[in-house]
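In case you want the letters, here they are:
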Amino acid sequence: MCGIVGYAGTKGAKDVIYSGLKQLEYRGYDSAGVLVVEDGKIHIDKEVGTVNKVDITSLPGTSGLGIGHTRWATHGGVTKDNAHPHTYGNVSLVHNGIIENYEDLKNRYELTTVSETDSEVLAGVIDYKMTTDNYSLREATVRALSECQGTYGVLAVAPAKEPGTLVAARSGSPIVIGVGADKEYIIASDPSAILTTNKMVFLSDGEIAEFKNGTMQVYDFASKPKDITEETVETEKSSDDLKGFDTYMHKEIFEQPDTLKETMRGRILSEGKFNLGGPNLTNEQIKSLKSIFIIGCGTAFYAGQSVKYALEELLDIPVVVEYASEFRYRHAALEADNSVAIFMSQSGETADTLAAESEARRRGMPTMGIVNSVGSTLARSVSHGGIYLHAGIEKSVASTKAYSSMVVALLMFGGFLAEKRGLPLSDVRQLGTDLLDTPREIASMLESFEDIMTVASEVSGFSNCFVLGRDTLYPVALEGALKITEVSYMHAQALPTGEMKHGPIALIDENHLSIVLMPEDKLMYEKTCSGIQEIRARNGKVLTVGSRPAKGGLSDWHIPTPMTGKNISGLVINCALQQLAYGIANSLGRNIDRPRNLAKSVTVE
Ligand code: F6R
């Protein structure tokens with residue numbers, strides 16, 4: 001989603017900003033812009049499309065002050081006028097987040113704006129405070145922001161009045177400052193955009209940093225100077241190398257045997273014993289746990305769902321999985337005693353997840369993170385540590401390797417808790433050794449890639465499908481349906497296999513595809529075959545995925561998966577569905593890594 005990069009220093013601002021914006025590209029955006037300040041004037045280029053389209057050669061190279069942005073449209077369509085930076089009067093800014101009361105502010109200050117954005121209104125209010133009330137850029141920004149409702153990470157300059165000043169303020173949208181050598185500061189919404197230093201300062205909500213004459217000072221919104229703490233952050237830089245694959249989704253699906261090993265490295269010992277250093281729960285807290293909440297959005301939510309059953313069986317306590325956007329309003333759940341809330345996120349920057357975590361923490365719940373992005377806001381906010389996935393940067397908008405690592409990380413956490421709670425060691429060791437097998441099983445599933453591509457091309461003509469799963473395979477069906485929908489635009493609806501006859505079966509005819517996930521368990525298998533009979537009796541088409549096809553030759557297509565046992569069969573079937581989704585999208589010629597309307601990191605609520 002939206003990304004911010006700014007620079008205050010002595011080198012060419014435009015190059016630093018441009019390379020920082022390139023690092024943020026994978027998060028998804030639809031327009032980009034760079035503005036530099038020289039001789040008290042702004043020089044700007046902004047364009048619809050990719051960062052490459054911004055012509056930085058048209059900007060002066062000697063400027064040491066500038067701001068840049070990648071925009072994912074929220075208020076107003078994808079147009080050049082709506083792209084950032086925005087200028088109103090003397091003030092130019094870039095903004096992440098949403099100013100909810102922008103229409104009131106626009107009317108109150110009688111602003112005439114060029115764009116349809118809330119951000120230009122914010123520039124107008126800051127300009128008003130500078131021009132009419134004579135405040136400095138910093139004071140005007142604080143005063144304007146204190147009238148705003150919503151979230152923001154904002155960088156602003158006002159060269160005609162304060163030629164050498166840049167301010168950066170934060171409430172709800174992250175701002176991190178890279179402190180380089182020679183009085184150089186790189187300000188960004190994500191540490192990965194800071195390429196030249198690993199010394200960083202993270203602004204907290206309600207803080208504003210002022211950069212002028214080679215200095216940085218952080219203030220609270222009451223203008224009280226704050227001490228700053230520099231941290232060393234080792235971020236991973238994104239690379240454009242597709243390593244011979246045609247898309248990042250394809251590459252990341254195939255990386256899973258390696259990324260799973262990284263997630264487990266040093267955390268499961270060879271005899272299946274769990275060794276986790278990240279969770280900061282005392283033995284007392286672990287022993288007295290009465291329930292676990294798992295919270296996330298989209299694929300992260302489904303990763304939680306798919307582990308719920310196994311955790312409940314292993315720990316014998318309820319495991320509640322909630323959408324982050326809903327959890328924050330579930331006041332009774334937020335006050336559950338003897339509970340822990342685990343927040344799952346690839347990016348660690350998803351606004352809904354951050355808001356839910358902050359509400360849970362505010363109400364005194366211990367919060368933990370299962371996060372891929374090192375140093376991200378979620379990883380830094382949780383109260384009781386967590387687990388990094390170590391899956392490496394995921395660039396495809398559709399999440400694949402982060403999903404499998406989340407499932408494994410959660411199962412490891414379950415094994416770790418079970419061990420500490422003194423639960424039957426044989427089950428815990430079995431889980432550990434099964435998990436250590438996942439890279440091999442996933443590698444074996446990837447060997448069917450060409451066969452899956454053939455099936456994918458044959459089913460790509462359907463416009464609608466069900467993805468049906470029973471018991472532990474229902475959450476796998478949910479994730480499979482999401483993957484198919486987002487990359488191929490085929491409408492896919494996941495259902496528990498047994499629910500189909502309670503209504504959705506009305507959709508079945510010869511033009512409707514049902515993708516049925518076949519359980520290994522004998523009883524479940526029989527029940528699933530009965531469901532398939534019901535579909536075939538209505539001329540519906542059936543693609544089965546699992547270790548066995550439907551009985552009696554009822555599958556029109558079948559994707560065989562290895563027989564693995566209940567702890568990891570869902571992961572293996574998921575890997576087949578990831579390939580199927582990729583294959584359908586490929587057959588339909590979709591833009592697989594940048595599906596329409598989607599962003600990698602959803603930083604607005
Ligand atoms: C689906 C997908 C999204 C994300 C969701 C949460 O493929 O990528 O559904 O899973 O937006 O993102 P994170 O995990 O970054 O919090």
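A quick note: this is a predicted structure, and the numbers were derived from the prediction, not measured.

Thresholds, definitions, all that
Residues numbered from 1 in each chain as written. Predicted model: local features only at pLDDT ≥ 70, side-chain atom pairs only at ≥ 80, totals over all residues. Heavy atoms only, no water. Helix = DSSP H or I, 4+ residues; strand = E, 2+ residues; numbered from the N terminus. Rg over C-alpha atoms; globule rule 2.2 N^0.38 Å. Buried < 20%, exposed > 50% of the residue type's maximum accessible area, 1.4 Å probe, protein only. Contact = heavy atoms within 4.5 Å. Pairing = 2+ DSSP bridges. Axes fitted to C-alpha atoms, helices over the stretch in contact; angles between N-to-C directions. Parallel < 35°, antiparallel > 145°, perpendicular 65-115°, else oblique. Left-handed = near helix turned anticlockwise from the far one by under 90°. Nonpolar A, V, L, I, M, F, W, Y, C, P; charged D, E, K, R; others polar. Near = heavy atom within 4 Å. Polar contact = N/O pair within 3.5 Å; in protein donor to acceptor, adjacent residues only side chain to side chain. Areas by Shrake-Rupley, 256 points an atom, 1.4 Å probe, with all protein chains shown as cover. Domains from an automatic or database assignment. Buried area = accessible area lost by both parts, 1.4 Å probe. Salt bridge = Lys/Arg side-chain N within 4 Å of Asp/Glu carboxyl O. Phe/Tyr/Trp six-rings, centres within 6.5 Å; stacked < 30°, edge-to-face > 60°. Lys NZ or Arg CZ within 6 Å of the ring centre and 35° of its normal. Arc of directions from axis to C-beta. Expected span 1.5 Å × (residues − 1).

1. Re the overall build of the protein chain
Thinking step 1. Check the secondary structure of the protein chain and you find 17 helices and 25 strands.
Thinking step 2. At 26 Å, the protein chain has a C-alpha radius of gyration in line with the 25 Å of a compact globule built from 605 residues.
Thinking step 3. Along the first, second and third principal axes, the C-alpha set of the protein chain runs to 80 × 55 × 45 Å.
Thinking step 4. Residue burial in the protein chain is summarised as follows: out of 605 residues, 60% are buried.
Thinking step 5. Looking at the protein chain alone, contacts between residues at least 24 apart form 70% of all its contacts between residues at least 6 apart.

2. Some remarks on the sheet that holds strand 7 (residues 152-158)
Thinking step 1. Ordered in space as 5-6-7-8-12-13-14, the 7 strands form an open sheet in which the pairing is antiparallel. Looking at strand neighbours, the two that pair on one side only are strand 5 (86-88) and strand 14 (225-226), the edges of this open sheet.
Thinking step 2. Bridging between strand 7 and strand 8 (residues 162-171) involves 7 bridges; their strand directions are antiparallel. Note on strand 8: the bridge partner recorded for Gly-153 is Arg-170.
Thinking step 3. Across the sheet, helix 3 (residues 118-131) lies against strand 5, strand 6 (91-96), strand 7 and strand 8, angled at about 140 degrees from strand 6, the strand it touches most.

3. Quick word on the packing of helix 5 (residues 248-264) against helix 17 (residues 566-587)
Helix packing geometry: the angle between the two helix axes and the distance between the axes.
Thinking step 1. Where helix 5 meets helix 17, the axes come as close as 10 Å, and the angle between the chain directions of the two elements is 165 degrees. It follows that helix 5 is roughly antiparallel to helix 17 by the angle criterion. Here the hand of the crossing between helix 5 and helix 17 comes out left-handed. From helix 5, Met-249, His-250, Ile-253 and Gln-256 reach across to helix 17, where they touch Cys-575, Gln-578, Gln-579, Ala-581 and Tyr-582.
Thinking step 2. Class assignment of the residues belonging to the contact of helix 5 with helix 17 gives a composition of 5 nonpolar, 4 polar and no charged.

4. Quick look at the site of the ligand
Thinking step 1. Close contacts around the ligand come from 14 residues, with Ser-345, Gln-346, Ser-347, Thr-350 and Glu-486 the closest.
Thinking step 2. Here Thr-299 contributes a backbone N or O atom positioned 3.1 Å from an oxygen atom of the ligand.
Thinking step 3. A distance of 2.4 Å separates an oxygen atom of the ligand from a polar side-chain atom of Glu-486.
Thinking step 4. Calculation on the ligand without its partners gives an accessible area of 400 Å², and the protein chains cover 90% of this total.
Thinking step 5. Each of domain 2 (240-444) and domain 3 (448-605) contributes no fewer than three residues to the shell around the ligand.

5. With respect to the domain arrangement of the protein chain
Thinking step 1. In terms of domain boundaries, the protein chain breaks down into domain 1 (3-232), domain 2 (240-444) and domain 3 (448-605).
Thinking step 2. The interface is formed by 44 residues belonging to domain 2 together with 37 residues belonging to domain 3.
Thinking step 3. Here domain 2 packs against domain 3, burying approximately 3,300 Å² in sum over the two surfaces, 63% of which is carbon and sulfur.
Thinking step 4. It is Tyr-302, Tyr-309 and Val-397 in domain 2 that bury the most area against domain 3; as a group they hold 19% of the surface buried on that side.
Thinking step 5. In this structure, Glu-313 and Lys-566 form a salt bridge, with 2.8 Å as the shortest nitrogen-oxygen distance.
Thinking step 6. The interface formed by domain 2 and domain 3 holds 11 residue pairs in polar contact (both at pLDDT 80 or more) in total.

6. Topic: the packing of aromatic side chains
Thinking step 1. Enumeration over the complete set of coordinates arrives at 11 aromatic pairs.
Thinking step 2. Aromatic side chains Phe-327 and Phe-343 sit 6.3 Å apart centroid to centroid with 65 degrees between the ring planes, which places their arrangement in the edge-to-face category. Taken together, the residues span a long stretch of sequence, with Phe-327 in helix 8 (residues 324-327) and Phe-343 in strand 18 (residues 339-345) at a distance of 16 residues.
Thinking step 3. With a relative accessible area of 0%, Phe-343 lands in the buried category.
Thinking step 4. Between the aromatic rings of Phe-462 and Trp-557, the centroid separation amounts to 6.2 Å while the plane-to-plane angle is 90 degrees, which identifies the pairing as edge-to-face. Here the residue Phe-462 occupies a position in the loop between helix 14 (449-459) and strand 21 (464-469), and Trp-557 occupies one in strand 25 (residues 557-560), the gap between them amounting to 95 residues. Both residues of the pair, Phe-462 and Trp-557, count as buried.
Thinking step 5. By way of ring pairs, the aromatic residues Phe-245, Phe-254, Phe-449 and Tyr-582 are connected into one cluster.
Thinking step 6. Directly above the ring of Phe-202 sits Arg-380, whose terminal nitrogen or CZ lies 3.4 Å from the centroid.
Thinking step 7. Above the ring of Tyr-29, the side-chain terminus of Arg-594 is found at 5.0 Å from the ring centroid.

7. Quick notes on helix 14
Thinking step 1. Within the span of helix 14, buried status applies to Phe-449, Ile-452, Met-453, Val-455, Ala-456 and Val-459. Looking straight down helix 14, one finds its buried side chains confined to an arc of 165 degrees; they lie on one side. Turned more than 90 degrees from where helix 14 packs its buried face, Glu-450 and Asp-451 sit exposed.
Thinking step 2. If you follow the buried residues of helix 14, they end up packed against helix 5, helix 13 (425-446), strand 23 (513-518), strand 24 (541-546), strand 25 and helix 17.

8. Overview of the pattern of salt bridges
Side-chain pairing between opposite charges can occur once the charged atoms of the two side chains come close.
Thinking step 1. Here the structure, examined in full by the defined rule, presents 27 salt bridges.
Thinking step 2. The shortest N-O distance in the salt bridge between Lys-22 and Glu-25 comes to 3.1 Å.
Thinking step 3. Of the charged contacts, one joins Glu-359 and Arg-363 as a salt bridge, the two residues approaching to 2.8 Å between their closest N and O atoms.
Thinking step 4. One network of salt bridges, with partners in common, ties together Arg-108, Lys-129 and Glu-147.

9. Observations concerning the sheet that holds strand 18
Thinking step 1. Pairing is parallel in the open sheet, where 5 strands are placed in the order 17-16-18-19-20. A strand with exactly one partner marks an edge of an open sheet, and here the two such strands are strand 17 (319-323) and strand 20 (386-388). Taken over all neighbouring pairs, the strand axes of this sheet differ in orientation by 20 degrees on average, direction set aside.
Thinking step 2. The strands touched by helix 10 (residues 351-362) within the sheet are strand 16 (291-296), strand 18 and strand 19 (367-371), with strand 18 carrying the most contacts at an inclination of about 165 degrees.
Thinking step 3. Against the sheet, helix 12 (residues 401-420) touches strand 16, strand 18, strand 19 and strand 20, its axis set at about 160 degrees to strand 18.

10. As for helix 16 (residues 522-536)
For the α-helix, the turn length of 3.6 residues means that residues three or four positions removed from each other point alike.
Thinking step 1. With 15 residues, helix 16 should reach 21 Å at 1.5 Å per residue; the first-to-last C-alpha distance of 21 Å fits that figure.
Thinking step 2. Within the span of helix 16, buried status applies to Tyr-525, Thr-528, Cys-529, Gly-531, Ile-532 and Ile-535. Down the axis, helix 16 shows its buried residues gathered within 160 degrees of arc, on one side only.
Thinking step 3. A distance of 3.2 Å separates the backbone nitrogen of Leu-523 from a side-chain oxygen at the start of helix 16, and that oxygen is part of Asp-521.

11. Quick look at the side chain of Lys-401
Thinking step 1. Considering the arrangement of structural elements, one finds Lys-401 in helix 12.
Thinking step 2. Of note is the side chain of Lys-401, whose polar atom sits 3.0 Å from the backbone oxygen of Ile-393.
Thinking step 3. Apart from the residues within four sequence positions on either side, Lys-401 is in contact with Glu-252, Glu-255, Gln-256, Thr-259, Ala-391, Gly-392, Ile-393 and Glu-394.

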